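If you want the building blocks of each chain, they are given just below.
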Amino acid sequence: VSAIIAYLSAALAPRITRHGVLMEVYGEGILLIGESGMGKSEAAVELLKRGHRMIADDAVEIRRVSGSKLMGAAPNLIRNYVELRGIGIVNVAKLFGMGAVKAENEINLVVNIVPWDQQKVYDRLGLEDQYMEILGVKIPMNTIPITPGRNLAVILEVAAMNNRQRKMGYNPAQEFTEQMDKHFAE
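Residues numbered from 1 in each chain as written. Predicted model: local features only at pLDDT ≥ 70, side-chain atom pairs only at ≥ 80, totals over all residues. Heavy atoms only, no water.

As for a nonpolar patch on the surface
Together, Leu125, Leu127, Phe176, Met180 and Phe184 give the surface a local cluster of nonpolar side chains, amounting to about 500 Å² of exposed area. One can find leucine 125 in the loop between strand 8 (109-115) and strand 9 (130-134). On the basis of relative accessibility, which here comes to 47%, the residue leucine 125 falls in the partly exposed class. (Patch = residues over 30% accessible without salt bridge, like charges linked within 9 Å, V, L, I, M, F, W, Y side chains within 5 Å. Areas by Shrake-Rupley, 256 points an atom, 1.4 Å probe, with all protein chains shown as cover. Salt bridge = Lys/Arg side-chain N within 4 Å of Asp/Glu carboxyl O. Helix = DSSP H or I, 4+ residues; strand = E, 2+ residues; numbered from the N terminus. Buried < 20%, exposed > 50% of the residue type's maximum accessible area, 1.4 Å probe, protein only.)

Side note on the packing of aromatic side chains
Using the criterion set out here, one finds one aromatic pair in the structure. Arranged with centres 5.0 Å apart and planes meeting at 40°, the rings of tryptophan 116 and tyrosine 122 form a pair that is tilted. According to the relative accessible area criterion, tryptophan 116 is partly exposed, its value standing at 42%. The class for tyrosine 122 is buried, based on a relative accessible area of 18%. A cation over a ring is seen here: lysine 138 above tyrosine 131, with NZ or CZ 4.7 Å from the ring centre. (Phe/Tyr/Trp six-rings, centres within 6.5 Å; stacked < 30°, edge-to-face > 60°. Lys NZ or Arg CZ within 6 Å of the ring centre and 35° of its normal.)

Structural notes on the pattern of salt bridges
In total, this model carries eight salt bridges according to the counting rule given. The residue glutamate 28 makes a salt bridge to lysine 167 at a minimum N-O spacing of 2.9 Å. A residue pair is termed long-range when its members are at least 10 positions apart, and glutamate 28 in strand 2 (residues 28-34) and lysine 167 in helix 4 (residues 152-167) qualify at 139 residues. Its salt-bridge partner being arginine 166, residue aspartate 129 comes within 2.4 Å of it at the nearest N-O pair. Here aspartate 129, found in the loop between strand 8 and strand 9, pairs with arginine 166, found in helix 4; they are 37 residues apart in sequence, far enough to count as distant.

Brief notes about the nonpolar core
Counting 29 residues, the largest nonpolar core has Met23, Val111 and Leu156 as the members making the most contacts within it. Every element with two or more residues in this core is listed here: strand 1 (15-25), strand 2, helix 2 (40-49), strand 5 (81-84), helix 3 (92-96), strand 8, strand 10 (137-146) and helix 4. Setting aside anything within four residues of it in sequence, one finds valine 111 in contact with Ile30, Leu31, Leu32, Ile33, Asn142, Ile144 and Leu156. Grouped together as the second largest cluster of nonpolar side chains are 16 residues, Ile33, Leu70, Val110 and Ile134 included. (Core = buried A, V, L, I, M, F, W, Y, C linked by side-chain atoms within 4.5 Å. Contact = heavy atoms within 4.5 Å.)

Some thoughts on unusual backbone geometry
The phi torsion at tyrosine 26 lies on the positive side, around 50°, for a residue other than glycine. Given the relative accessible area of 39%, tyrosine 26 is considered partly exposed. With phi around 75°, asparagine 80 is a residue other than glycine that occupies positive phi space. Inspection of the secondary structure assignment puts asparagine 80 in the loop between strand 4 (69-73) and strand 5. Overall, the relative accessible area of 18% leaves asparagine 80 in the buried class.

So this is what it looks like as structure tokens:
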């Protein structure tokens, strides 16, 4: 009976499909979103080369499995495939090995990739908490402006590690601000 309840809970969970890429980076599920052509799939391939795992490219099926937990997976039709403009469709499992793919993962962080805009002011310290609500669950979000030459894969690795630290209660931006306040008070 408990197995049937668990199965039905997963099968009947509220779900939605979003455009994006879902990667597991240092154990953190990162959902990359942004306009088409921003480099999400290219960043995914670079992360794969660095030993991380892909869950979904282009379309991510998201389901709410609890009040505070979202799981993401690829639709069956496109599972293990990534599209790279100029190259075409690549089978990640065959190219990088089965260890480079994963069927599903919790979504711990949303990274919104946007083109750099000189007119906009971007959060440089990380003091402003951003969230995206998906299926009624608030997920931490970072907005990363990109320009040619930025190494997005390295930035995503740092975002994953920083998100993990923040979940454990350590906020480097807050610590930095406190140190600055203390320094100027002296």
